[in-house]
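Below, each chain spelled out in residue letters.
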Amino acid sequence: MDGRRRVPRTDTVLAAPELVAAQGRLGRAAVKEAVAAAQRRVRHGELSPDDVVRAAVAALPARAAALRPVINATGVLLHTNLGRAPLSAAAIEAVTAAAGAADVEFDLATGRRARRGRDALDALARAVPAAEDAHVVNNNAAALVLAAAALARGREIVVSRGELVEIGDGFRIPDLLVSTGARLREVGTTNRTSREDYAAALGPDTGFVLKVHPSNYRIEGFTGAAGIAELAGLGVPVVADVGSGLLRPEPLLPDEPDAATALGSGADLVTASGDKLLGGPQAGLLLGRRDLVERCRRHPLARALRVDKLTLAALEATLRGPATPVDEALRADPEELAARAAALAGTLARAGLDARAVPSAAAVGGGGAPGVTLPSAAVSLPVRLAAPLRTGEPPVVGRIEGGRLLLDLRAVPAARDGDVARAALAAHAAPEGE
Ligand SMILES: *Cc1c(COP(=O)(O)O)cnc(C)c1O
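Looking up the chain in an unreviewed UniProt entry gives the name L-seryl-tRNA(Sec) selenium transferase, with the organism given as Microtetraspora malaysiensis. Per its UniProt entry, the chain bears the Subcellular location (unreviewed entry) comment "Cytoplasm". Listed under Pathway (unreviewed entry) in UniProt, the entry text for the chain is "Aminoacyl-tRNA biosynthesis; selenocysteinyl-tRNA(Sec) biosynthesis; selenocysteinyl-tRNA(Sec) from L-seryl-tRNA(Sec) (bacterial route): step 1/1."

Okay, structure coming up:
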């Protein structure tokens, strides 16, 4: 028998209503690929010609973009590999609303061009009253680049040797600053730098003094650093990179710097991330003296570093809206986490899994609050479930510790516990080695 004659024609298959609808969602190329794969299976005698449409539908990707939403059960609240801060429902709604044509740079009342992102900037001004002005760029690295280019190109940035840090994945702040054409003037030593060290280095070539929060490491022992307040009177601008994006002090993270305190201590300009503890979209914030922010905004690089309407919408909703998922994870009650872990482990154990609730230690992550452990609770499972859980639907990413897979619940919204349970059951049922 000639199998080819019995393979349904591509045009006919693509005209099936399910596949027409799928082309509307996923695009023609993805659907054609799924159809071609099903036709090959018919040719090889693995599939009945009558089942081509069904097989193609079953093989379609769930979404047009391959990026998959995952459940973060690592116990690291801001996991850089998992996209750092999850957006709040309010921010997601704002992104959706802004996705089409939107008045990002247009005044509907007058019909004229308006200041881009004015509502997000207004929300920032309200959140940080100590800042005279604000500007938003792609990320904190971009904020630092812009400050260096606008305020210190061809001049010197005075910085302590204890603050020349690498943030992660080879991102080194000194290299970034020098790439703008600014020169670094290193002062002090790795463990100790005084106000006098800074003062002695200042001169006509000074662009600004930079204070960097060495987010992801700590020096202990014989240490000393000049605070922002001590440097504020030196007669040159002080730029402070606070990193995590806290706008106000956070009592749960007493050592984490924040924008309001830095400005109140005399910093002229503060830079911060949008997608760390602020809990918003990837963004870089520049907050502070009006003239300095204006010089950054007017620099030619500002256009290359500018954020899109989706970021502006998400940022505004994060600033004005309800508590973010990061906030909720940070404030989660350890007893409630333990109760959730016990309930989940009970469900799984009754279904025959080797599951038990255990205490766990979560962390802020994303370079924030390196010394802080957040008491948490996890479901402990056999390590062999790690791979099927990662590749299941939805993917659940835990962490391996002491020969067990831990699903830490601090960064998992309580509403997702049912999904975690179903995913673990499916992973348990999956054939070994898959
Ligand atoms: C995370 C961090 C950065 C980089 O911020 P991005 O938003 O990832 O570009 C810069 N400085 C400090 C102190 C940080 O913690």
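Once you've had a look at it, read on.
Asker: What am I meant to see in the overall build of the chain here?
Answerer: A count of helical and extended segments in the chain gives 18 helices and 18 strands. The C-alpha extent of the chain, read off along each of the three principal axes, is 90 × 55 × 40 Å. When burial is assessed residue by residue, the chain has 46% of its 434 residues classed as buried. Considering only residue pairs separated by 6 or more positions, the chain has 73% of its internal contacts joining residues 24 or more positions apart. As displayed, the chain has an accessible area near 21000 Å², and 53% of this comes from carbon and sulfur atoms.

Asker: What's the story with the layout of surface pockets in this structure? I'm lost.
Answerer: Over the atoms a probe the size of a water molecule is rolled, and this reveals where empty space is left. The computed volume of the second largest pocket comes to approximately 900 Å³. Lining the second largest pocket are 40 residues, with Lys211, Val212, His213, Pro214 and Ala225 sitting closest to its centre. Those elements giving two or more residues to the lining of the second largest pocket turn out to be strand E10 (206–212), strand E11 (238–243) and helix H11 (259–264). It is E11 that provides the largest number of residues to the lining of the second largest pocket, a total of three residues.

Asker: Please clarify how the sheet that holds E10 should be interpreted in this entry.
Answerer: Two strands in a sheet stick together by hydrogen bonds in their backbones, pointing the same way (parallel) or opposite ways (antiparallel). The mixed open sheet is built from seven strands, whose spatial order is E5-E13-E12-E11-E10-E6-E9. The sheet is open, and its two borders are formed by strand E5 (133–137) and strand E9 (183–187), each paired with just one other strand. Strand-to-strand twist across the sheet, computed as the mean angle between neighbouring axes with direction ignored, equals 25 degrees. Sheet topology note: the E10/E11 ladder contains four bridges and is parallel. Note that in E11 the partner of valine 209 across the bridge is valine 238. Taken strand by strand, helix H6 (residues 118–127) contacts E5 and strand E13 (284–288), and its axis lies near 125 degrees from that of E5. Against the sheet, helix H12 (residues 290–298) engages E5, strand E12 (269–273) and E13, with an angle of about 30 degrees to E5.

Asker: How should helix H18 (residues 417–429) be read in this particular structure?
Answerer: In an α-helix, one full turn covers 3.6 residues, which means residues spaced three or four apart are oriented alike. The end-to-end C-alpha distance of H18 is 18 Å, a good match for the 18 Å that 13 residues give at a rise of 1.5 Å each. Of the residues making up H18, those classed as buried are Asp417, Val420, Ala421, Ala423, Ala424 and Ala427. Projected onto a plane normal to the axis of H18, the buried residues spread over an arc of 165 degrees and lie on a single side. Away from the buried face of H18 by more than 90 degrees, exposed residues Arg422 and Ala429 are located.

Asker: Is there a simple way to think about the pairing of strand E18 (residues 404–408) in this case?
Answerer: Consecutive side chains of a regular strand alternate in pointing toward one face of the sheet and then the other. Across the five residues of E18, five count as buried, placing the element largely inside the fold. Bridge count between strand E15 (residues 374–382) and E18: five bridges; the pairing is antiparallel. Its bridge partner lying in E18, proline 382 is registered against arginine 404. Alignment of strand E17 (residues 399–401) against E18, held across three bridges, turns out to be antiparallel. Within E18, the position partnered with isoleucine 400 by the bridge is leucine 405.

Asker: Would you mind showing me how to read the sheet that holds strand E14 (residues 356–365) here?
Answerer: Taken together, the five strands give an open sheet; going across it, the order is E2-E14-E15-E18-E17, and neighbouring strands pair in mixed fashion. Edge positions in the sheet fall to strand E2 (76–78) and E17, since each has one partner strand and no second. Within this sheet the neighbouring strands show an average axis-to-axis angle of 45 degrees, counted without direction. Here E14 runs beside E15; their pairing, made up of seven bridges, is antiparallel. Its bridge partner lying in E15, arginine 356 is registered against serine 380. Together, E14 and E15 form the strand contacts of helix H16 (residues 334–350), whose direction differs from that of E15 by roughly 10 degrees.

Asker: Can you walk me through the nonpolar core in this structure?
Answerer: Inside soluble globular proteins, nonpolar side chains tend to come together where they are buried. Membership of the largest hydrophobic core comes to 37 residues, with the highest contact counts inside it found for Leu247 and Leu287. The element that contributes the greatest number of residues to this core is H6, accounting for five residues. Setting aside chain neighbours within four positions, we find leucine 287 in contact with Leu124, Val128, Ala131, Asp133, Ala134, Leu247, Ala259, Leu263, Asp268, Leu269, Val270 and Val293. Membership of the second largest hydrophobic core comes to 30 residues, among which are Val159, Leu210, Ala302 and Leu305.

Asker: What exactly am I supposed to notice about the side chain of histidine 135 here?
Answerer: Mapping histidine 135 onto the fold places it in strand E5. In contact with histidine 135, not counting residues within four places along its chain, are Leu121, Leu146, Gly284, Leu285, Leu286, Val293, Arg297 and Ala302.

Asker: Please explain the site of the ligand as it appears in this structure.
Answerer: The environment of the ligand is made up of 13 residues, and the closest members are Ala141, Ser215, Asp241, Ser273 and Lys276. Within the side chain of aspartate 241, a nitrogen or oxygen atom sits 2.6 Å from a nitrogen atom of the ligand. Contacts to the ligand include lysine 276, whose side-chain N or O atom sits 2.7 Å from an oxygen atom. For the shell around the ligand, the elements supplying multiple residues, two or more each, are helix H7 (140–152) and E11.

Asker: Please explain the environment of leucine 246 as it appears in this structure.
Answerer: Position of leucine 246 among the secondary structure elements: in the loop between E11 and H11. Judged by its relative accessible area of 8%, leucine 246 falls in the buried class. As a C-alpha pair, leucine 246 and glycine 45 span 201 residues in sequence and 61 Å in three-dimensional space. Sequence-distant contacts of leucine 246, defined by excluding residues within four places in its chain, comprise Glu256, Pro257, Asp258, Ala259 and Leu277.

Asker: Where do I start with the packing of aromatic side chains in this structure?
Answerer: Here a ring pair, both rings aromatic, is described through the centre-centre distance and the interplanar angle of the planes. Applying the stated criterion across every chain, the model contains zero aromatic pairs. Cation over ring: arginine 192 sits above phenylalanine 222, and NZ or CZ is 4.0 Å from the ring centre.

The rules we used
- Each chain has its residues counted from 1, following the order in which its sequence is written.
- Given that the model is predicted, a residue must reach a pLDDT of at least 70 before its local features are reported, and side-chain atom pairs must reach 80 or more before they are shown or counted; all residues, however, enter totals for whole chains, interfaces and linings.
- To obtain the side-chain values, all non-hydrogen atoms of the structure were used and water was disregarded.
- UniProt positions are given in the numbering used here, feature names are shortened, and annotations may be inferred rather than shown by experiment.
- Strands here are runs of E lasting at least two residues and helices are runs of H or I lasting at least four, both read from the DSSP assignment and numbered beginning at the N terminus.
- For every residue, the accessible area obtained with a 1.4 Å probe (protein chains only) is divided by the maximum for its type, and the residue is called buried under 20%, exposed over 50%, and partly exposed between those limits.
- Residue contacts follow a heavy-atom distance rule, with two residues in contact if any of their heavy atoms lie within 4.5 Å.
- Each accessible area is a Shrake-Rupley result for a 1.4 Å probe, and residues are judged covered by the shown protein chains and nothing else.
- A cavity here means a set of 1 Å grid points, computed over protein atoms only, where a 1.4 Å probe fits but cannot escape. A pocket is an open set with protein on both sides within 12 Å along at least 5 of 7 lines, and lining residues have an atom within 4 Å of a point.
- Grid points are joined across faces, edges and corners, and a volume is the space filled by probe spheres set on the points.
- Here a strand pair is declared whenever DSSP counts at least two bridges between the two strands.
- Angles shown run from 0 to 180 degrees and are taken between the N-to-C directions of axes, each axis being a line fitted to C-alpha atoms and, for helices, limited to the stretch in contact.
- For a helix, the expected span equals 1.5 Å multiplied by the residue count minus one.
- Starting at the helix axis, one direction is taken to each C-beta atom, and the arc is that of these directions.
- The definition of a nonpolar core used throughout is a set of buried Ala, Val, Leu, Ile, Met, Phe, Trp, Tyr and Cys residues joined through side-chain atoms within 4.5 Å.
- Near residues are defined by distance, with any heavy atom within 4 Å of the molecule or strand qualifying the residue.
- Pairs of N or O atoms are called polar contacts if they sit within 3.5 Å, as long as, within protein, a hydrogen donor faces a hydrogen acceptor (for residues adjacent in sequence, only side-chain-to-side-chain pairs).
- Classification of ring pairs rests on two measures: the distance between centres of Phe, Tyr or Trp rings, Trp counted by its six-membered ring, which must be within 6.5 Å, and the angle between planes, read as stacked under 30 degrees, edge-to-face over 60 and tilted in between.
- Here, a charge over a ring means that NZ of Lys or CZ of Arg falls within 6 Å of the ring centre while also lying within 35 degrees of the ring normal.

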